[in-house]
Structures are given as C-alpha cells and as structure tokens.
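Residue-level structural notes
Next come the chains, spelled out residue by residue.
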Amino acid sequence: FERELFPRQHVGESLVPSSTRAFRDLDFLPVMEASKFPRKYGAAWTSATGKSFDHDFEDLAVEDYADVRFDERAQPGVDLPYTYHVDRGKFDLLLLQHVHEMGAAVYEGIRVNGADFSDPDGVDVQFTMGKKEMSTRVNMLVDASGRNTLIGAQQGWKIKDPVFDQYALHTWFGGYDRAAATDQPDKDYYIFVHFLPLTNTWVWQIPISEDLTSIGVVMQKGNFKTSKASREQFFWECLKTRPRIYEALQRAEQLRPLKAEGDYSYAMSKIVDDRVALVGDAARFVDPIFSTGVSIALNSSRFASADIVAAAEAGDYSASRFTTYETTIRRGTKNWHEFISVYYRLNVLFTAFVQDPRYRYDVLKLLQGDVYDDDQPPVLAKMKEMVSKVERNPKHILHDALGDLTSHAFEPSF
C-alpha cells in the first residue's frame, strides 16, 4: 500500500555504493544504467574558512577540504566504481514498477491509517481507499512509511534524537556552475557538502542531470525559529556566507519553490515486534550529511527480508524471529550516528582523517555505506579519542573549532 501517486517529488537524491548490492539482488542495475542517472564517483567537503590550520595534530594534517573516490577501496559485492545521483520522482517510480513486474502487488493512493495487533493470529491493517474506510488481515506488516513513522508513532516507540534537531530548505536550479565553490573542476559530478560559517549549518550540492542541481541548506531548527526572515530570505542569507556559491546561484534559474524538511533525526525504542518490522526512515533517521537515507532504506529491507522469509517458512512471526535484522540495523545506524556526531563536533578532524593514508580506507569504508559489520569501527574509536583530547584542553589549537551541536553526543541516550 503506497500513500502517494507516483511519480512524486522527494528529498534524498544521492546514493552510496552499498546500495548497489540491493540493486543486484533485485536485478535493478540494468534499469539504473538505462535510465542514465548521473554517476557518482565520489564526494567532497569544503569549509567556510577558505584556509587550512597551519598545524599538524598528532601527525595529522588539518585541512579545509577533503574528497574521496569510491573506487579507492575494493568493496565486497560492489564491482562498480560509482553509485548514482537520482531524481527521486523518476527513481522511486522505476523501482515501484520494477517490483510490481517481479510479482509484488502494488496499490497506489492508499492511505494506511493504522494497524491492530491485538489478535496473536494476524494483523488487521486499516486503510482508506477513496472515501471508503477498509481493512485487511495480514500475517506480517512491514512499515516503510518513512518519516511519517506510522507504526512507531501509533505504538509510542518514537524517541526524539537528543542531539540532532535539524531543518532543511531545498530546491532545484538550472544552469548552476557546479565548479563555482571549488578549485576542483574535474569533480562536477561529485556530491559536495559546503559548510557555512553559521553554527552547524551546511549546504548540499547534488547533480540531478547535466543542467539540474539540487541545493539544500541544513541548519539547526532553533536557528530558523529565532530568525524573523521568511524561508526564502533565510535560505539566501545563509548562502551569502559562501559568496562564490551565492553568486553562481544568483546567475542560475530556480526551478522549484523552496521545500522544507523537519523532524530530521529520531530513533525507535522498538523496530520489531510480533508480526511487524520497521524499515528505512520508519525505523531510524539520522542527519543526512553522508547521504545515508536511501542506503539505509535499501539495506534494512535486504536484511529484514531474510528474516521475514525464514519466519514465513516456519509459520512463526514472533519478534524473536527478527533478532538478526534488528541487531544488524541497530549496529549500522549507531555507527552512522556516531560518525556524524564526530563530524559535527570537529569537522576539521574529519578532513584530516580522510586525507591521511593510515585512516583513509577505514573512513572510506564508512562513506561507502559498509557500517553494519563492526560494533565499534576502530577508526571511529580513534576519532572519538582525539575529539576528547581537544575537548579536555581549552588551550588546544583546535579547541575553538569544536562545534556545539554534538557536545554531548556520546553520552548514553537511546
């Protein structure tokens, strides 16, 4: 049951390479290639300072720019040197059509209103078709309702992220010179993350086609609430802090009205129960600075499907049947969350690690989306250790570079 009528606009337009495994499982790669989505060979991050720290931190060169190329590290099960940027309207429609052709019964324009789990022998799903209220009985319910978090909200499982409370304003531009904010002209088809001098604020730059570029400003929700500016004024005032980007966008054509995204980060106290599993954003959403959303949706569905098939074969849909899925996806999203937390706390340290050959492949493994194997990736532990050293020493040369958003990120939360 799909609430929307496809195609429809959606945020989350840049993928990571681990998505390729799910596409192979579904025999969807030929569709991706035929659709000629822009190929994403890597990613880059720029700071707002325009300068590097003239300092080596424990033999790490601290820079204001970093980039990675995905083919630098061999990735098991992924033999392409690239992933994709996508127009989500087109991409989601193609995927929906593909699974329908594979045998899935797809019903669009159906609003699911809730589910009744009181009968241990099945789940009653209530939905609206046109103006008519209806219900159906199923053995197993998978909630893929995204940030609507249908079942999590109904069951009282949703937990607000105590660290991230972000907000985004985004739109598409035609004719934007993507090389305007970098001296790396050969990286036009990378995703760029441009940090702004405003606290915990950044810009995404995603190629949608040769001429179309998605631009989004991500900020703390509190900063926008305290501003008296309209959405449009606030969006442009943020961009003015990176003059080269601002001037290039002024010369481009804005093709869509600004769209807002809120409720950016949350978790669930449960992601499985008897006869139910939550996947994708319905299970967890973390700040999108490393393009995690679609990858988590695809991989959580891959992991969940194995447990669901085994449960169906056994005729037993109890929560204990989905332990492997729950453990795996919680491990992965925890690692994403901690990686993002370190980045916000001291993003110049991230650039140092990603440029250092001792750590580069370990960081790249995370950026490729391989976050589900290790309970505590060694490179994450090292980054947290070094952040702690800076935190404890007010005289440290990098102390003033600490961000305040994730100052308590590593305290036990959820």
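Each value, and the rule that gives it
- Residues numbered from 1 in each chain as written.
- Predicted model: local features only at pLDDT ≥ 70, side-chain atom pairs only at ≥ 80, totals over all residues.
- Heavy atoms only, no water.
- Buried < 20%, exposed > 50% of the residue type's maximum accessible area, 1.4 Å probe, protein only.
- Helix = DSSP H or I, 4+ residues; strand = E, 2+ residues; numbered from the N terminus.
- Contact = heavy atoms within 4.5 Å.
- Pairing = 2+ DSSP bridges.
- Expected span 1.5 Å × (residues − 1).
- Core = buried A, V, L, I, M, F, W, Y, C linked by side-chain atoms within 4.5 Å.
- Salt bridge = Lys/Arg side-chain N within 4 Å of Asp/Glu carboxyl O.
- Phe/Tyr/Trp six-rings, centres within 6.5 Å; stacked < 30°, edge-to-face > 60°.
- Lys NZ or Arg CZ within 6 Å of the ring centre and 35° of its normal.
- Axes fitted to C-alpha atoms, helices over the stretch in contact; angles between N-to-C directions.

1. Observations concerning helix α6 (residues 231–240)
Residues of α6 that are buried include every one of Phe234, Phe235, Trp236, Cys238 and Leu239, and no others. Tucked into the core, α6 has its buried residues touching β12 (166–174), β14 (202–207), β15 (212–220), α5 (221–226), α7 (243–251) and β16 (253–254).

2. Topic: the sheet that holds strand β20 (residues 276–278)
Spatially, the 3 strands line up as an open sheet ordered β10-β20-β19, and their pairing is mixed. Edge positions in the open sheet fall to β10 (141–143) and β19 (272–273), since each of these has one partner strand only. As defined by bridge partners, β19 adjoins β20 across 2 bridges and the pair is classed as antiparallel. Note on β20: the bridge partner recorded for Asp273 is Val276.

3. Notes on helix α9 (residues 323–345)
Compared with an ideal rise of 1.5 Å per residue, which puts 23 residues at 33 Å, α9 spans 32 Å between its outermost C-alpha atoms and is within 8% of the ideal. In terms of burial, α9 is largely enclosed, as 17 of its 23 residues are buried.

4. Some remarks on the nonpolar core
Looking at soluble globular proteins, one finds that nonpolar side chains tend to be buried together. One finds Phe290, Phe339 and Phe350 to be the most contacted residues of the largest nonpolar core, which totals 76 residues. A total of 8 residues in this core trace back to one element, the largest contributor, which is α9. Contact partners of Phe339, with chain neighbours within four places excluded, come to Phe290, Phe350, Val363, Leu366, Leu367, Leu380 and Met383. Within the second largest apolar cluster, 24 residues are counted, among which are Tyr167, Met219, Ile245 and Leu258.

5. What about the pattern of salt bridges?
A complete count under the given rule lists 26 salt bridges for this structure. Among the ionic pairs, Arg137 bridges to Asp119, the shortest N-O distance being 3.1 Å. Of this pair, Arg137 sits in strand β9 (residues 132–138) while Asp119 sits in the loop between β7 (110–116) and β8 (123–129), placing them 18 residues apart in sequence. Residue classification places Arg137 among the partly exposed positions, given a relative accessible area of 41%. Given a relative accessible area of 28%, Asp119 falls into the partly exposed group. Salt-bridge contacts for Lys382 lead to Glu385; the nearest nitrogen and oxygen are separated by 3.8 Å. Of the two residues, Lys382 and Glu385 are both situated in helix α12 (residues 378–392); the distance of 3 residues between them amounts to about one turn of the helix.

6. Observations regarding the packing of aromatic side chains
Counted under the stated rule, the structure contains 24 aromatic pairs. Pairing Phe28 with Phe91 gives two aromatic rings, centres 6.3 Å apart and planes at 70°, and the pair type is edge-to-face. Within this pair, whereas Phe28 is found in the loop between α1 (19–25) and α2 (29–35), its partner Phe91 is found in helix α3 (residues 88–101), the two being separated by 63 residues in sequence. Residue classification places Phe91 among the buried positions, given a relative accessible area of 2%. An aromatic cluster is built from Trp45, Phe195, Phe290, Phe339, Tyr343, Tyr344 and Phe350, whose rings are joined through pairwise contacts. Sitting above the plane of the Phe37 ring, Lys90 keeps its charged end 5.2 Å from the centroid.

7. Let's talk about the sheet that holds β7
Taken together, the 3 strands give an open sheet; going across it, the order is β7-β8-β9, and neighbouring strands pair in antiparallel fashion. Each end of this open sheet is capped by a strand with a single partner; those strands are β7 and β9. Within this sheet the neighbouring strands show an average axis-to-axis angle of 25°, counted without direction. Looking at chain direction, β7 and β8 are connected through 6 bridges and run antiparallel. If you follow Asp116 over to β8, its bridge partner there is Asp124.

8. Details of unusual backbone geometry
For the bond running from Phe6 to Pro7, omega is 0°, close enough to zero to count as cis. Mapped onto the secondary structure, Pro7 falls in the segment before α1. Despite not being glycine, Thr149 has its phi angle at roughly 45°, a positive value. Non-glycine residue Ser291 carries a positive phi angle of around 55°. Here Ser291 lies in the loop between β20 and α8 (293–314).

9. Topic: the pairing of strand β2 (residues 42–46)
For β2, a buried count of 5 out of 5 residues is recorded, marking the element as mostly surrounded by other parts of the structure. The two faces of β2 match: Gly42, Ala44 and Thr46 on one face and Ala43 and Trp45 on the other face are all buried. Two elements, β2 and strand β5 (residues 65–69), share 5 bridges in a ladder whose sense is antiparallel. The partner of Trp45 across the bridge, within β5, is Ala66. Two elements, β2 and strand β13 (residues 191–195), share 4 bridges in a ladder whose sense is parallel. Paired with Ala44 across the strands is Phe192, a residue of β13.

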